[in-house]
Amino acid sequence: MKNIIYIILVACMVTPVTGQNSGISVTGGIGSFDMSELKSYQEQLTSRLPVEARGFNFFPNYTCIRINLFRQSSEKVRYGLSYGYSTTGAHSNYIDYSGILNLDQIITSYQLGVSGAYRLLQMNLSRTTLEMMAYGDLRLGLVRDEVQMNITTDYYYESSRMILNAFTPVAEAGFDAMFRFTKVSLGISGGYLYDTGTRFKEGNSSSLNQTVSLRPTEELHSGLSGFRAGLKLILWFNNNPFIE
């Protein structure tokens, strides 16, 4: 949450979109992921364990957040800054009377870039306005893969941790359906995010009594590509004169 607040503050300082005909939108929902390489890596790590651990659903649909600080430059066109956040993970576990083993991969992505939107349809209803928008974003993402393993028994403890990082360009496009009130718009949003798949590089690592290596045996690439869907809220900084 601190990262999100910081991004918003920086955006307010570097772009003049908080003036007339502007607003901020927050979209929260779930996203699918193309993590085929990291799934294979998780299976490889599981095969190295001293016991046969149980693998759970690897990299399921999980949290995605998108924040836009934008200006409406004309009746149909909006542009601004876009911040994206998503997270998912993989988990393997073994437990019996002698102790517990956990093996985790947590994928976190932070993305910052530019956005644009075009109004396709507008319908004036009795107390509100229905808008259909097409949007597109170009962002640069930092993808962080934290791999951690812990073995705990009555007579032995082992802990290993390794960080993999990748800077990857991403593009997202989709559609919004919004009900516009005086100062607030509410609706749904859906689209597809394409990740170019940059190679991960090793970052910080630590180990205590390490017997199981966490190092990948081949190149790994980020895999954020997938569909996104969620609820969207827009807070307008003023009454927009472009609404018909």
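The following refers to the structure shown. (Residues numbered from 1 in each chain as written. Predicted model: local features only at pLDDT ≥ 70, side-chain atom pairs only at ≥ 80, totals over all residues. Heavy atoms only, no water.)

### Section: the packing of aromatic side chains
To describe a pair of aromatic rings, you give the distance between the ring centres and the angle between the ring planes. The condition is simple: Here is the rule: rings of Phe, Tyr and Trp (six-membered ring for Trp) pair when centre to centre is within 6.5 Å. Planes less than 30 degrees apart are stacked, more than 60 are edge-to-face, and the remainder are tilted. Numbering of helices and strands starts at the N terminus; helices are DSSP runs of H or I of at least 4 residues and strands are runs of E of at least 2. Summary of the burial criterion: residues with accessible area below 20% of their type's maximum are buried, those above 50% are exposed, and those between are partly exposed, where the area comes from a 1.4 Å probe applied to protein chains only. Criterion for a charge above a ring: Arg CZ or Lys NZ at most 6 Å from the ring centre, at most 35 degrees from the ring normal.
Taken as a whole and judged by the stated rule, the model has three aromatic pairs. Where Phe70 meets Trp236, the ring centres are 5.4 Å apart and the plane angle is 90°; that geometry is what we call edge-to-face. Note that Phe70 is positioned in strand S3 (residues 62–72) and Trp236 in strand S10 (residues 226–236), a separation of 166 residues in sequence. Residue Phe70 shares its accessibility class with Trp236, and that shared class is buried. Between the aromatic rings of Tyr85 and Tyr110, the centroid separation amounts to 5.6 Å while the plane-to-plane angle is 50°, which identifies the pairing as tilted. Separated by 25 residues along the polypeptide, Tyr85 in strand S4 (residues 77–96) and Tyr110 in strand S5 (residues 99–124) bring together distant segments of the chain. Taking the relative accessible area as the measure of exposure, Tyr85 reaches 22% and is therefore partly exposed. Given a relative accessible area of 26%, Tyr110 falls into the partly exposed group. Lying over the aromatic face of Tyr135, Arg66 brings its terminal NZ or CZ to 4.0 Å of the ring centre.

### Regarding the nonpolar core
The criterion, for reference: In these notes, a set of buried Ala, Val, Leu, Ile, Met, Phe, Trp, Tyr and Cys residues joined through side-chain atoms within 4.5 Å is what counts as a nonpolar core. Contact between two residues is taken to exist if any of their heavy atoms lie within 4.5 Å; hydrogens are not considered.
Formed by 28 residues in total, the largest nonpolar core has its most connected members in Leu38, Tyr41 and Leu214. Counting only elements with at least two residues in this core, the list comes to helix H2 (36–48), S5, strand S6 (129–153) and strand S7 (157–180). What Tyr41 contacts, discounting residues up to four positions off in sequence, is Gln105, Asp145, Val147, Met162, Leu164, Leu214, Arg215, Pro216 and Leu220.

### Topic: the environment of Ala53
Within the secondary structure, Ala53 is located in the loop between H2 and strand S2 (54–55). By relative accessible area, which is 11% here, Ala53 ends up buried. A sequence separation of 39 residues divides Ala53 from Ser92, and the C-alpha atoms of the two residues are 6.0 Å apart.

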